[in-house]
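So the chains spell out like this:
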Amino acid sequence: MVLLPLVGLTINDYRSERRQANASLEREGQLLLNKVRIEEEAALRQVRQTLQTMANADNMRTLSPDDCSALARRMLQASEGLSNIGAALPNGDLFCSAKPFEKGHSVADRTWFQEGIQGTGISRGQYLLGRVSKQHNVTFSYPMLDADGKPRALLFLGVTLAWFDRFTTGQALPEGWSSQLFHVDGTLISRYPDPELYRDKQLNAESLARLLEARRQGKNSVVMTGFDSIERLFMLAPLGIANEQLVASVAAPLSQTLQRIEQAFWQRLAVLAGLTLLSVLFGRYYLYRLIETWVKQTENAARLVARGDLSTRLPNAKMPKEFAVLNQRFNEMTSALQQREAQSLTDQQAIEALNHELTEKLATLQAAEQRLRLLSTAVEQSPTAIIITDVDARIVFVNEAFTRASGYSAAEAIGANPRILHSGQTPPETYAELWPTLLAGQTWRGEFMNQRKDGSRYLERATISPVRDAQGETTHYVSVKEDITEARRIEAELANQRNRLEQKVSQRTYELAVAKERAEAGNRSKSEFLANMSHEIRTPMNAIIGLNYLLLQSPLQPAQRDKLSKVSAAANHLLHIINDILDLSKIEAGKLLLENNTFSPRDLLGTVAELIRDQAVGKGLRVIIDSDALPRLVCGDANRLRQILLNFASNALKFTNQGSITLSGKVVVGDAQSWICRFAVSDTGIGIAPEDTGRLFNAFEQLDGSTTRRFGGTGLGLAIARHLAQLMDGEVGVDSTPGQGSTFWITTRLGRVSSPLLADEAPVVANWQPTQMQGRILLAEDDPINCEIAGELLSSAGLQVETAENGMAAVDLFEKAYFDLILMDVQMPVMNGLDATRRIRALPGGGEIPIVALTANAFSEDKEQCFAAGMSDFLAKPVDPDTLYQMLGKYLTETRQATAGLIKEADSIDRGQLSQDLERLASLLASGDVEASHLFARLAASLRAGWPEDYEILRQEISSFNYDAAFELLQALQEKIA
């Protein structure tokens with residue numbers, strides 16, 4: 001009997017523990033399902049907001065499929081958890097979709113369409129497999145109604161179940177628990193864990209029956225076997241988002257949860273049964289000594305437990321084993337009760353956490369309300385006038401900006417019609433366009449000429465838009481207005497200013513165009529003038545030099561020869577001045593072309609040094625050459641570089657009375673194709689003041705008039721040097737200190753020579769003597785004097801000459817007779833030389849005959865015109881006799897044979913005899929006797945064969961009648977020969 005209360009208490013505790021365990025499981029499951037409902041509500045809000053936003057968008061005004069589909073795609077990209085967005089016509093034909101669809105696709109059979117087309121709000125969700133999106137989703141619809149309340153189109157939106165997947169994957173479920181989403185037919189849609197393992201599986205028949213029965217009875221939980229064959233307690237939550245077609249659940253395994261309780265129960269019953277048996281056997285023995293004491297302790301402990309003191313424990317020391325076991329079980333029971341109390345406390349804390357979460361969401365809603373109030377304040381304080389009217393055009397709200405702009409107070413405006421602002425000056429067409437636009441649910445933009453309360457007029461730019469409620473019905477109109485009176489006045493002023501400015505710009509542009517045309521015409525006139533001047537000066541110069549040359553060939557008295565020599569020197573000086581002027585004009589016109597041949601920069605420095613050495617020695621100056629840092633061979637224009645350095649050296653010689661002149665060169669930088677070399681001429685002369693160095697390289701500049709008178713010169717040399725340096729991809733400059741000296745330098749780009757064998761060698765052509773040529777020459781020249789001179793030069797060379805006074809006569813003579821070569825003047829009356837050449841080239845035999853141009857036009861385009869007309873070569877007037885003979889020898893066959901013979905003869909000439917001849921040549925050069933040119937012609941073969949470079953430089957100076965420079969070169973050559 002003593003044990004019966006314990007047995008009853010054990011059974012009662014077992015039932016209580018089981019009920020409490022199930023209740024705890026249901027509470028925990030429902031807490032989790034509450035979060036599912038929160039996610040469901042968030043998804044429903046997103047559906048409503050998205051459909052209403054799309055219905056109110058400007059893109060939906062005309063129901064354009066392209067505009068609608070573009071809007072749907074943007075909204076689909078901007079939203080999460082949506083499978084598709086689109087619209088259908090009232091007949092069910094799909095005309096708009098964020099996902100591609102086939103034309104003619106109909107959704108008229110869909111429940112969501114049938115409900116939506118008959119309603120005025122958002123339809124109930126329908127769970128289905130989308131035909132366009134190919135995804136399981138819950139689809140909603142929302143009608144777009146016209147002014148008569150008839151549907152214009154039906155918007156639809158598919159919500160995926162991603163929100164449930166976020167819930168399942170984001171929850172930390174207890175061990176062995178699972179979350180799942182069912183269809184009402186028992187099909188599993190989503191499950192966690194192992195979502196893919198059980199997706200689309202079907203509940204067995206018994207479990208499906210239990211589920212349907214629980215749904216029918218409205219229960220929130222059911223015990224059934226899950227897909228993993230484990231019996232679980234399923235907590236259920238039908239989803240309103242899918243019209244309760246879907247059921248969300250959280251399941252806890254019963255065996256895992258109740259196994260411990262059942263084991264404890266059976267253990268207690270076993271212990272109690274054993275105690276009962278022992279009591280029967282040893283009852284009498286323990287009746288007075290132990291049982292009563294134990295029963296009393298047990299009663300006291302049970303009383304304390306009943307009062308709520310779950311920390312009460314029965315002692316185990318010095319007790320019989322059976323009583324100790326009973327006490328232990330009692331203690332275990334109280335421990336279990338204490339654990340359940342702790343679990344209840346945990347559940348309470350979970351409920352409090354849920355309450356905290358709900359509080360936070362409430363705070364979020366309050367913050368949204370605060371933002372709404374802030375928006376309202378912003379509207380009230382907006383600098384632009386804002387008016388809100390109802391659908392009957394009665395003003396219900398105006399902000400302060402409106403009252404300031406119109407002069408009406410808010411009390412005066414509210415309830416009135418906006419026509420209180422009418423001035424009568426707004427075009428009727430404006431109002432005719434306004435109301436149809438607003439009634440169509442579209443935004444209208446335009447301008448009003450309104451009138452204030454005080455009668456003054458002002459221009460407003462207005463934007464009026466309909467305001468719709470949750471069902472898409474227009475309830476109000478909001479107008480945002482801006483006073484643009486002042487802006488329009490400023491725009492008008494700006495337009496006037498712009499027109500005046502454009503007129504000024506046009507006038508200035510015209511003036512600049514006229515000035516440009518005048519400048520270009522001036523440049524053309526300048527070029528034509530220089531070309532004509534070149535021709536007019538060179539033609540008489542040709543006669544002067546030619547006649548002087550012929551006179552010097554005749555027997556003369558010493559006084560006569562001396563005077564003619566001075567005439568030659570003066571003519572040569574004048575020719576140099578003309579060449580400098582023409583060089584400068586060619587450079588300024590961009591018509592000067594550089595040559596590209598192989599030469600030794602070291603030898604070039606040596607040549608320049610030799611040209612000034614005698615005069616330097618005469619002044620007691622030392623000439624120093626520093627060329628070891630230069631490459632042996634380079635490619636470039638040696639003549640132009642020599643011209644620049646000789647100009648530097650001549651200036652140094654002029655302005656230096658004691659000390660030395662140093663010519664140096666070095667490589668500044670190099671690459672695989674070229675070097676940048678720097679050449680310099682330094683002296684110890686009078687120097688130049690820093691403020692004067694900037695003018696040195698300007699054309700026609702001298703430091704002062706006294707310098708010009710003392711030292712002479714045109715002031716062109718340094719200007720030409722500067723331009724030539726630029727053409728050579730370099731520059732020139734000067735470093736000078738007054739009283740200490742100056743250094744003039746140039747940098748130039750020179751090409752590399754890969755092998756000495758690639759060096760350009762000029763053809764070996766001797767200076768010709770009258771007995772060395774045979775042939776018949778046609779000379780076309782209109783100037784009688786030049787014709788006479790050229791005829792005598794040709795005849796003295798053993799050639800037969802026929803003359804023609806113009807191009808037409810030359811063509812006639814060529815048709816009648818045979819000629820070996822034609823010398824053709826370019827500028828002639830009747831027919832010029834260019835046209836005559838073209839005519840001759842077209843005649844039989846005219847394609848092979850050499851035609852050499854004789855012209856006083858020395859510009860590069862003149863040479864190009866000659867070659868374009870078909871001429872073979874080019875000679876510029878005044879013609880040097882040696883150059884003329886060399887040109888003839890280039891084209892006459894017998895001349896070339898004579899050249900080879902002369903070279904052989906030159907190799908065999910005795911050096912002693914050659915030295916004597918050079919002494920005589922030096923004497924002639926020193927006295928300025930033009931006989932020097934003839935003597936040099938006879939010595940040309942020997943000099944060309946033995947000293948080709950020195951010969952070439954000497955030939956250029958003698959052919960230019962620069963006898964002073966030629967004399968200095970000849971002295972250097974004599975030292976080499978000696």
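As the structure is a prediction and not an experimental result, all values here were calculated from the model.

*Asks:* In this structure, what is going on with the overall build of the chain? I would like to understand it.
*Replies:* What the chain contains, in helices and strands, is 28 helices and 27 strands. Counting only carbon and sulfur atoms, one obtains 53% of the accessible surface of the chain, whose full area is about 49,700 Å².

*Asks:* Sorry, what's going on with the pattern of salt bridges here?
*Replies:* One pass over the structure, following the stated rule, counts 27 salt bridges. In this structure, Glu 482 engages Arg 461 in a salt bridge whose closest nitrogen and oxygen atoms are separated by 3.6 Å. Taken together, the positions of Glu 482 in strand 15 (residues 474–483) and Arg 461 in strand 14 (residues 457–468) put the pair 21 residues apart, joining distant regions of the chain. Its relative accessible area of 36% is what places Arg 461 among the partly exposed residues. Salt bridges sharing common partners tie together Asp 390, Asp 392 and Arg 394.

*Asks:* Looking at this structure, I do not really get the pairing of strand 22 (residues 741–752). What am I missing?
*Replies:* The two faces of the sheet receive side chains in turn, since in a regular strand these alternate between them. Summarising burial for strand 22: nine of the 12 residues are buried, a large majority. Across two bridges, strand 18 (residues 634–636) lies against strand 22 in antiparallel orientation. Pairing of Val 634 across the sheet is with Arg 752, part of strand 22. Taken together, the nine bridges between strand 20 (residues 674–683) and strand 22 define a ladder with antiparallel strand orientation. Each residue of the ladder has a partner; that of Val 681, found in strand 22, is Phe 744. As paired strands, strand 21 (residues 731–737) and strand 22 are joined by seven bridges and run antiparallel to one another. The residue bridging Ser 736 from the neighbouring strand is Ser 742, located in strand 22.

*Asks:* I would appreciate a short explanation of helix 21 (residues 833–841) in the present structure.
*Replies:* Residues lying three or four places apart along an α-helix face the same way, a consequence of the helix completing one turn every 3.6 residues. Within helix 21, the full set of buried residues consists of Gly 833, Leu 834, Ala 836, Thr 837 and Ile 840. Viewed end-on, helix 21 has its buried residues packed into an arc of 160°, placing them on one side of the element. Put simply, Asn 832 is the residue that caps the front of helix 21, since its side-chain oxygen is 3.1 Å from the backbone nitrogen of Leu 834.

*Asks:* Can you walk me through the packing of helix 25 (residues 911–927) against helix 28 (residues 963–977) in this structure?
*Replies:* Each pair of packed helices gets described by two things: the angle between the helix axes and the distance between those axes. In contact at an axis separation of 9 Å, helix 25 and helix 28 are set at 160° when each is read in the N-to-C sense. As summarised for this structure, helix 25 and helix 28 are arranged roughly antiparallel, according to the angle between their axes. As for the relative orientation of helix 25 and helix 28, their crossing is left-handed in sense. Where helix 25 approaches helix 28, its residues Arg 911, Leu 914, Ser 915, Leu 918, Glu 919, Leu 921, Ala 922, Leu 925 and Ala 926 are matched on the opposing element by Tyr 963, Ala 966, Phe 967, Leu 970, Gln 974 and Ile 977.

*Asks:* Looking at this structure, I do not really get the packing of aromatic side chains. What am I missing?
*Replies:* Two descriptors summarise a pair of aromatic rings, namely the distance from one centre to the other and the angle between the planes of the rings. Enumeration according to the criterion identifies seven aromatic pairs in this entry. Here the aromatic rings of Trp 112 and Phe 113 are separated by 6.3 Å at their centres, their planes lie at 80°, and the arrangement is edge-to-face. Of the two residues, Trp 112 and Phe 113, both sit in the buried class. Relative to Phe 448, the ring of Tyr 431 lies with its centre 5.8 Å away and its plane at 25°, an arrangement referred to as stacked. Taken as a pair, Tyr 431 in helix 11 (residues 428–439) and Phe 448 in strand 13 (residues 444–451) lie far apart in primary sequence, 17 residues in all. Taking the relative accessible area as the measure of exposure, Tyr 431 reaches 22% and is therefore partly exposed. The buried category is assigned to Phe 448, whose relative accessible area is 6%.

*Asks:* How do you make sense of the environment of Val 753 when you look at a structure like this?
*Replies:* Among the structural elements, Val 753 can be located in the loop between strand 22 and strand 23 (776–780). Given a relative accessible area of 18%, Val 753 falls into the buried group. Spatially, the C-alpha atom of Val 753 lies 7.7 Å from that of Thr 598, the residues being 155 residues apart in sequence.

*Asks:* Could you clarify how one ought to interpret the sheet that holds strand 2 (residues 94–97) in this entry?
*Replies:* With antiparallel pairing, the five strands of this open sheet are ordered in space as 2-1-5-4-3. One side of each edge strand has no neighbouring strand; the edge strands of this open sheet are strand 2 and strand 3 (126–129). Each strand axis lies, on average, 30° off the axis of its neighbour in the sheet, ignoring direction. One ladder, built from four bridges, connects strand 3 with strand 4 (residues 136–145); its direction is antiparallel.

*Asks:* Would you mind showing me how to read the side chain of Thr 139 here?
*Replies:* Mapped onto the elements of the fold, Thr 139 is located in strand 4. Classification of Thr 139 as buried rests on a relative accessible area of 6%. At 2.6 Å, the side chain of Thr 139 and the side chain of Asn 137 are in polar contact. Contact partners of Thr 139, with chain neighbours within four places excluded, come to Trp 112, Arg 124, Gly 125, Gln 126, Leu 128, Phe 156, Leu 157 and Gly 158.

*Asks:* Is there a simple way to think about the nonpolar core in this case?
*Replies:* The nonpolar side chains of a soluble globular protein tend to be buried, and buried together. Core analysis: the largest hydrophobic core is formed by 66 residues, its most contacted members being Leu 645, Phe 648, Phe 679, Ile 746 and Leu 943. Take this core: its biggest share by element is nine residues, from helix 15 (residues 638–655). Three or more residues apiece are contributed to this core by two domains, here domain 3 (595–752) and domain 5 (911–977). Ignoring sequence-local partners within four residues, the contact set of Phe 679 consists of Pro 601, Leu 605, Leu 630, Leu 641, Leu 645, Ser 664, Gly 665, Phe 744, Trp 745, Ile 746, Thr 748 and Leu 750. Counting 51 residues, the second-largest nonpolar core is a separate cluster that includes Val 36, Ala 87, Ala 98 and Phe 140.

*Asks:* Is there a simple way to explain the sheet that holds strand 14 in this structure?
*Replies:* Strand pairing within a sheet occurs via backbone hydrogen bonds; the two strands may be parallel or antiparallel. Strand order in the open sheet made by the five strands is 12-11-15-14-13, with antiparallel pairing throughout. Each having just a single partner strand, strand 12 (395–398) and strand 13 make up the two edges of the open sheet. Mean inter-strand twist for the sheet, computed between neighbouring axes without regard to direction, equals 30°. Of the pairings in the sheet, the one linking strand 11 (residues 385–390) to strand 15 comprises six bridges and is antiparallel in character. Across the sheet, Ile 387 pairs through a bridge with Ser 479, a residue of strand 15.

*Asks:* It is not clear to me how the packing of helix 14 (residues 601–618) against helix 15 should be interpreted in this structure. Could you clarify?
*Replies:* Where helix 14 meets helix 15, the closest approach of the two axes is 10 Å, and the angle between their N-to-C directions is 30°. With respect to helix 15, the axis of helix 14 lies roughly parallel. Here helix 14 and helix 15 pass one another in a crossing that is right-handed. Counting all contacts with helix 14, which are made through Leu 604, Leu 605, Thr 607, Val 608, Leu 611, Ile 612, Gln 615 and Ala 616, the residues of helix 15 involved are Ala 638, Leu 641, Arg 642, Leu 645, Leu 646, Ala 649 and Leu 653. When its residues are assigned to classes, the contact of helix 14 with helix 15 shows 12 nonpolar, two polar and one charged.

*Asks:* I tried to follow helix 15 on my own but got confused; where do I start?
*Replies:* The terminal C-alpha atoms of helix 15 lie 26 Å apart, and with 18 residues this matches the ideal 26 Å at 1.5 Å per residue to within 8%. N-cap assignment for helix 15: the residue whose side-chain oxygen lies 3.3 Å from the backbone N of Asn 639 is Asp 637.

*Asks:* What should I look at first to understand the confidence of the model for the chain in this one?
*Replies:* For any part of a model where pLDDT is low, the fine detail of the predicted coordinates should not be relied upon. For the chain, per-residue confidence averages 81 on the pLDDT scale, and 83% of positions sit at 70 or higher. Here residues 705–709 is a poorly scored stretch, pLDDT under 50, and it has five contacts once near neighbours within four places are set aside; other chains count. With pLDDT under 50 throughout, residues 894–906 is counted as low confidence; its partners more than four residues away or in other chains account for 23 contacts.

*Asks:* Where do I start with the pairing of strand 9 (residues 231–239) in this structure?
*Replies:* Burial of strand 9 is extensive: seven of the nine residues sit out of reach of the surface. Here strand 8 (residues 221–225) runs beside strand 9; their pairing, made up of five bridges, is antiparallel. Counterpart to Met 224 in the pairing with strand 9 is Arg 232. Between strand 8 and strand 9, which pair antiparallel one after the other, the connecting turn spans five residues, and Ser 229 there sits at a positive phi close to 65°. The pairing of strand 9 with strand 10 (residues 246–253) spans eight bridges and is antiparallel. The partner of Leu 236 across the bridge, within strand 10, is Ser 249. Joining the antiparallel neighbours strand 9 and strand 10 is a turn of six residues, in which Asn 243 adopts a positive phi near 60°.

Rules and cut-offs
- Just so you know, the residues in each chain are numbered from 1, in the order the chain's sequence is written.
- Two thresholds apply to this predicted model, a pLDDT of at least 70 for residue-level local features and 80 or more for giving and counting side-chain atom pairs, whereas whole-chain, interface and lining totals are computed over all residues.
- Hydrogen atoms and water are omitted, and side-chain values are computed over all heavy atoms in the structure.
- Put simply, DSSP H or I for four residues or longer makes a helix, DSSP E for two residues or longer makes a strand, and each gets a number counted from the N terminus.
- Values of accessible area rely on a 1.4 Å probe in the Shrake-Rupley scheme; residue burial ignores everything except the protein chains shown.
- Any carboxyl oxygen of Asp or Glu that lies within 4 Å of a side-chain nitrogen of Lys or Arg is treated as forming a salt bridge with it.
- Three labels apply to residues, based on accessible area from a 1.4 Å probe with only protein chains included: buried if under 20% of the type maximum, exposed if over 50%, partly exposed otherwise in between.
- In this description, strands pair whenever DSSP reports at least two bridges between them.
- By arc we mean the arc of the directions from the helix axis to the C-beta atoms, nothing more.
- N or O atoms closer than or at 3.5 Å make up a polar contact, with two conditions inside protein: a donor-capable atom paired with an acceptor-capable one, and, for residues adjacent in sequence, both atoms drawn from side chains.
- Axis lines are fitted through C-alpha atoms, for helices just across the contact stretch, and the angle between N-to-C directions can take any value from 0 to 180 degrees.
- Each angle receives one of four descriptions, namely roughly parallel if under 35 degrees, roughly antiparallel if over 145, roughly perpendicular if within 65 to 115, and oblique otherwise.
- Handedness of a crossing follows from how the near helix is turned relative to the far one, being left-handed for an anticlockwise turn of less than a right angle and right-handed for a clockwise one.
- By definition, residues are in contact when any of their heavy atoms lie within 4.5 Å.
- Whether two aromatic rings pair depends on their centres lying within 6.5 Å, for rings of Phe, Tyr and Trp, where Trp uses its six-membered ring; planes under 30 degrees apart make the pair stacked, over 60 edge-to-face, and the rest tilted.
- Joining through side-chain atoms within 4.5 Å is the link that ties buried Ala, Val, Leu, Ile, Met, Phe, Trp, Tyr and Cys residues into a set, and such a set is a nonpolar core.
- Throughout the structure description, domain borders are defined by an automatic or database domain assignment.
- Under this grouping Gly is polar, as are all residues other than the nonpolar Ala, Val, Leu, Ile, Met, Phe, Trp, Tyr, Cys and Pro and the charged Asp, Glu, Lys and Arg.
- For a helix, the expected span equals 1.5 Å multiplied by the residue count minus one.
- The pLDDT value tells you how sure the predictor is about a given residue, anywhere from 0 up to 100.

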